[in-house]
Amino acid sequence: MLGVLTLLLVSVFASLGTWQLQRRAWKLDLIERVNSRVHAPPSAAPTRAQWSALSREADEYRHVSLTGTYRFDKDTLVQAVTDLGGGYWVLTPLRTAHGSEVLVNRGFVPPGWKESVPPAPAGEVTVTGLLRMPEPGGGFLRKNAPAENLWYSRDVFAIAAARGLTQADVAPYFVDADARPGASVGANTITNDAEAVTGKTQSQDRDYPVGGLTVVQFPNNHMSYLLTWYALAIMSAVAGWFVIRLEMRKRSE
């Protein structure tokens, strides 16, 4: 009976350790794939015909480019905390030549920020940035309140509805705009665990909104987990061998 129990425990712990080993390999591959998307030259943003095929795993953090006209009268401020402090993301619909509406996160602004009049740039613009999937509902503790114009997450379709956009024309993603040329914002990179991918700026005299602040973070604790499970497997084997040996000695006496 003791031998069966020992074998069962060792098998379970060893299987869990092997599973974590596989998960670690998957996570490292994911980080590498996303890293290649972030740093790749921008490609054309998905068009209406491609929207239905988009997925978070395959498309999020793609470096994309799109051209259109900003609709500044439909700006939405979404609460945010960044390396620059607390404030807001400025989300503005960009209407393309094909009639699609893509929400663009133009960047971070501090509390009390007010756009210059008339807003710049005006007319048709080309935007590059990272494709992001919607964040429905709201934050962990606070939910979006469209009726009160309080936004805690970038819920694409809820924002579109609140701004009177035609749902069928709204892209099922938004774009985190890159830093404007000449801005002192670092390039995006990717790391594990508590490290983060973020743009940084040293200047206090900034031209808001500040783009290029996307954070890409992948918890990767699989190594510590797999070592724990394998250690438990070894400890179970040693403890089982010791108890079985002690039991056999008592029987022989």
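About the criteria used
Residues numbered from 1 in each chain as written. Predicted model: local features only at pLDDT ≥ 70, side-chain atom pairs only at ≥ 80, totals over all residues. Heavy atoms only, no water. Helix = DSSP H or I, 4+ residues; strand = E, 2+ residues; numbered from the N terminus. Buried < 20%, exposed > 50% of the residue type's maximum accessible area, 1.4 Å probe, protein only. Contact = heavy atoms within 4.5 Å. Areas by Shrake-Rupley, 256 points an atom, 1.4 Å probe, with all protein chains shown as cover. Pairing = 2+ DSSP bridges. Phe/Tyr/Trp six-rings, centres within 6.5 Å; stacked < 30°, edge-to-face > 60°. Salt bridge = Lys/Arg side-chain N within 4 Å of Asp/Glu carboxyl O. Core = buried A, V, L, I, M, F, W, Y, C linked by side-chain atoms within 4.5 Å. UniProt positions renumbered as here; feature names shortened; annotations may be inferred. Polar contact = N/O pair within 3.5 Å; in protein donor to acceptor, adjacent residues only side chain to side chain. pLDDT = per-residue confidence, 0-100.

**A look at the overall build of the protein**
Here is step 1: A tally of helices and strands in the protein yields four helices and nine strands.
Here is step 2: In the protein, the succession of α and β elements from N to C terminus is α-β-α-β-β-β-β-β-α-β-β-β-α.
Here is step 3: Counting over 253 residues, the protein shows a buried share of 40%.
Here is step 4: Within the protein, contacts between residues at least 6 apart in sequence are counted, and of these 63% link residues at least 24 apart.
Here is step 5: Working note: accessible area of the protein is about 14200 Å², and carbon and sulfur atoms make up 60% of it.

**Notes on the pairing of strand β2 (residues 63-70)**
Here is step 1: As paired elements, strand β1 (residues 43-44) and β2 share two bridges and run parallel to each other. By the bridge assignment for β2, Ser43 is matched with Val64.
Here is step 2: Direction of pairing for β2 relative to strand β6 (residues 124-132): antiparallel, over a ladder of seven bridges. In the strand pairing of β6, Leu66 is matched with Val127.
Here is step 3: Inspection of the sheet shows β2 paired to strand β4 (residues 85-96) by three bridges, in the antiparallel sense. Bridge pairing in β4 places Gly68 opposite Thr96.

**What to know about the packing of aromatic side chains**
Here is step 1: Scanning the model with the defined rule gives three aromatic pairs in all.
Here is step 2: Aromatic side chains Phe13 and Trp229 sit 5.9 Å apart centroid to centroid with 20° between the ring planes, which places their arrangement in the stacked category. With Phe13 in helix α1 (residues 2-39) and Trp229 in helix α4 (residues 222-252), this pair connects stretches of sequence that are 216 residues apart.
Here is step 3: An angle of 80° between the planes, with centres 6.3 Å apart, marks the rings of Trp89 and Phe108 as edge-to-face.

**A closer look at the pattern of salt bridges**
Here is step 1: Using the criterion set out here, one finds 11 salt bridges in the structure.
Here is step 2: Put simply, Arg62 and Asp59 hold a salt bridge, and the shortest N to O gap is 2.9 Å.
Here is step 3: Residue class for Asp59 comes out buried when judged on its relative accessible area of 10%.
Here is step 4: The salt bridge involving Arg132 is made with Glu60; its shortest N-O contact spans 3.2 Å. Here Arg132, found in strand β6, pairs with Glu60, found in the loop between α2 (56-59) and β2; they are 72 residues apart in sequence, far enough to count as distant. Neither residue differs from the other here; Arg132 and Glu60 are each classed as buried.
Here is step 5: A cluster of three or more residues bridged by salt bridges with shared partners is formed by Arg56, Glu60, Arg132, Glu135, Arg154 and Asp176.

**Some words on unusual backbone geometry**
Here is step 1: At the junction of Tyr208 and Pro209, the peptide bond is cis and its omega measures out at -5° in the coordinates.
Here is step 2: Within the secondary structure, Pro209 sits in the loop between β8 (191-192) and β9 (217-218).
Here is step 3: With phi around 60°, Asn149 is a residue other than glycine that occupies positive phi space.
Here is step 4: The residue Asn149 is located in the loop between β6 and α3 (156-162) in this model.
Here is step 5: Given the relative accessible area of 44%, Asn149 is considered partly exposed.

**Considerations on the nonpolar core**
Here is step 1: Core analysis: the largest hydrophobic core is formed by 18 residues, its most contacted members being Leu66, Tyr70, Leu94, Val127 and Tyr173.
Here is step 2: For Tyr70, the contacting residues outside a window of four places in its chain are Thr92, Pro93, Leu94, Val104, Arg106, Gly123, Val125 and Val127.

**Observations regarding the UniProt feature "transmembrane region" (unreviewed entry) in the protein**
Here is step 1: As recorded in UniProt, the feature "transmembrane region" (unreviewed entry) lies at residues 223-244.
Here is step 2: The distance separating the terminal C-alpha atoms of residues 223-244 is 32 Å; by composition the span is 100% helix and 0% strand.

**Describing the side chain of Thr214**
Here is step 1: Its place among the elements puts Thr214 in the loop between β8 and β9.
Here is step 2: Look at Thr214 and you get buried, because its relative accessible area is 6%.
Here is step 3: Only 3.2 Å separates the side chain of Thr214 from the side chain of Asp176, close enough to count as a polar contact.

**Brief notes about the confidence of the model for the protein**
Here is step 1: The share of residues in the protein with pLDDT of 70 or more is 80%, and the mean pLDDT across the chain is 82.
Here is step 2: Mean pLDDT in the protein bottoms out at β8, which sits at 44, and peaks at strand β7 (residues 170-177), which reaches 96.
Here is step 3: Contacts from residues 185-205, a stretch scored under 50 in pLDDT, to residues over four places away or in other chains number 62 contacts.

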